[in-house]
Amino acid sequence: KSSTMLYADKRALETNLKVELLEIREKELNFYTNNCQNIGTQAAMLAGFAFAGMMQPLPDQPEVLRVLFLVSTVSALGLQLVTVAT
């Protein structure tokens, strides 16, 4: 009878260990999910700023600076939209 009790205690400990490991994995998954949501939110906000920057009239500057500004703004907007989409 005591060996049956030892076996039952062993099984209970194994089950509790598995439950605790699953709880840790759930916390890790929630942590990474929240991080991804935060990154997506920040990228969406920055994409809005980049879009607003593209809509502003460009001042009279050398053509190279205007092209550089537009290329960097479009690149930033595109990368931020990719971040939001994934």
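Residues numbered from 1 in each chain as written. Predicted model: local features only at pLDDT ≥ 70, side-chain atom pairs only at ≥ 80, totals over all residues. Heavy atoms only, no water.

(A) Looking closely at a nonpolar patch on the surface. Residues Leu17, Leu21 and Ile24 make up a contiguous nonpolar surface patch of about 280 Å² in total accessible area. The exposure class of Leu21 is partly exposed, given its relative accessible area of 43%. (Patch = residues over 30% accessible without salt bridge, like charges linked within 9 Å, V, L, I, M, F, W, Y side chains within 5 Å. Areas by Shrake-Rupley, 256 points an atom, 1.4 Å probe, with all protein chains shown as cover. Salt bridge = Lys/Arg side-chain N within 4 Å of Asp/Glu carboxyl O. Buried < 20%, exposed > 50% of the residue type's maximum accessible area, 1.4 Å probe, protein only.)

(B) Structural view of the side chain of Gln80. With respect to the helices and strands, Gln80 occurs in helix α2 (residues 63-85). Judged by its relative accessible area of 15%, Gln80 falls in the buried class. Gln80 has contacts with Ala43, Leu46, Ala47 and Ala50, leaving out every residue within four places of it along the chain. (Helix = DSSP H or I, 4+ residues; strand = E, 2+ residues; numbered from the N terminus. Contact = heavy atoms within 4.5 Å.)

(C) Up close: α2. Across its 23 residues, α2 extends 33 Å between first and last C-alpha, which sits within 8% of the 33 Å expected from 1.5 Å per residue. What α2 keeps buried is the set Thr73, Leu77 and Gln80. On the buried face of α2, the contacting elements are α1 (2-55). (Expected span 1.5 Å × (residues − 1).)

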